[in-house]
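# Geometric and topological summary
So you can see what is in the structure, the chains are spelled out below.
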Amino acid sequence: MSDLPELLRSLRVWDAAVTELPPFDPSTAPGDPLELFTRWFAEAVAAGEREPHTVSLATADAEGLPDARIVMLHGADADGWAFATHAGSRKGRHLAARPYAALVFYWPALGRQVRVRGPVSTAPAEQARADLHARSAGALAAALTGRQSEELASAEELARVSQAAWERAGREPDAPVPSWTLYRLRPDEVEFFQGDARRRHVRLSYRRAEDGGWDRRLLWP
């Protein structure tokens, strides 16, 4: 058995062989966080991040107990940061009870994080359908399999239902999935974190102002 404490002590972050920590001057940042996010996202792709669109999504249940999981970003624009799931999944139920969430992107190749939090709303059903059908056959098959977060009796049951879903996705590339829901998080706050080798990390926080614009401030690392 591995010694977990010893393993943890042996690990380092931001290995110079695979990580470049670019300088970040917050005084040059744009006034809108979406513009900076788009720039950083493109730079993460260029730096070789294999899945820069994966993001941690944190929600809370009706009692306020937190939960988190990895989802995929489906877009980001003036309407908010978008992700999707079944309305009856655990996160879907959480958002129905408490429509507020947080996202965390982590791009270790550049030592960067982006944190986004705010209220969540559902997009119109036709947008959810368009979003799903613009994705791969595998994404449609997974959506058609459904039952997300429900108890599974056996791996054989999953294989059987999944096979039928794949076959249907092949026959009907526009097959409807009524429970598939596109969510948009409209941020109250967006924070950009740039790591520094001397631990003088830069944290720039955008907070939505009463007039709909953004206030910017630096935070201690």
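Residues numbered from 1 in each chain as written. Predicted model: local features only at pLDDT ≥ 70, side-chain atom pairs only at ≥ 80, totals over all residues. Heavy atoms only, no water.

We now examine the nonpolar core. Ranked by size, the top nonpolar core spans 29 residues in total, and within it Leu 36, Phe 37, Trp 81, Leu 103, Phe 105, Val 114 and Phe 192 carry the most contacts. Ranked by residues supplied to this core, first place goes to helix H2 (residues 33-46) with five residues. Contacts of Leu 103, omitting those with residues within four sequence positions, involve Val 55, Ser 56, Leu 57, Trp 81, Val 114, Arg 115, Val 116 and Leu 185. Counting residues in each nonpolar core, the second largest holds 15 residues, with Ala 128, Ala 143, Ala 175 and Trp 180 among its members. (Core = buried A, V, L, I, M, F, W, Y, C linked by side-chain atoms within 4.5 Å. Buried < 20%, exposed > 50% of the residue type's maximum accessible area, 1.4 Å probe, protein only. Helix = DSSP H or I, 4+ residues; strand = E, 2+ residues; numbered from the N terminus. Contact = heavy atoms within 4.5 Å.)

On to helix H5 (residues 137-145). Every buried residue of H5 is listed here: Ala 139, Leu 140, Ala 141, Ala 143, Leu 144 and Thr 145. Buried residues along H5 sit in contact with strand S4 (80-86), helix H4 (125-133), helix H6 (155-171) and strand S7 (180-185).

A few words now on the side chain of Glu 191. Among the secondary structure elements, Glu 191 is positioned in strand S8 (residues 189-194). A relative accessible area of 5% means that Glu 191 is categorised as buried. At 2.7 Å, the side chain of Glu 191 forms a polar contact with the side chain of Arg 203. Those residues in contact with Glu 191, other than ones at most four positions away along the chain, are Gln 113, Val 114, Arg 115, Arg 203, Leu 204, Ser 205 and Leu 219. (Polar contact = N/O pair within 3.5 Å; in protein donor to acceptor, adjacent residues only side chain to side chain.)

Now for the packing of aromatic side chains. Overall, the coordinates contain eleven aromatic pairs when judged by the stated rule. Consider the rings of Phe 37 and Phe 41, whose centres lie 6.0 Å apart with planes at 35 degrees: the pair is tilted. Linking Phe 37 with Phe 41, this pair stays in helix H2, spanning four residues, or about one helical turn. The class for Phe 41 is partly exposed, based on a relative accessible area of 23%. Each ring, one from Phe 37 and one from Trp 81, has its centre 5.4 Å from the other, and the planes form 70 degrees; the classification is edge-to-face. With Phe 37 in helix H2 and Trp 81 in strand S4, this residue pair connects regions lying 44 residues apart in the sequence. Assessed through its relative accessible area of 2%, Trp 81 is described here as buried. One aromatic cluster is present, formed by Phe 24, Trp 40, Phe 192, Tyr 206 and Trp 214 through successive ring pairs. (Phe/Tyr/Trp six-rings, centres within 6.5 Å; stacked < 30°, edge-to-face > 60°.)

These values are about where atoms sit, not about what they do.
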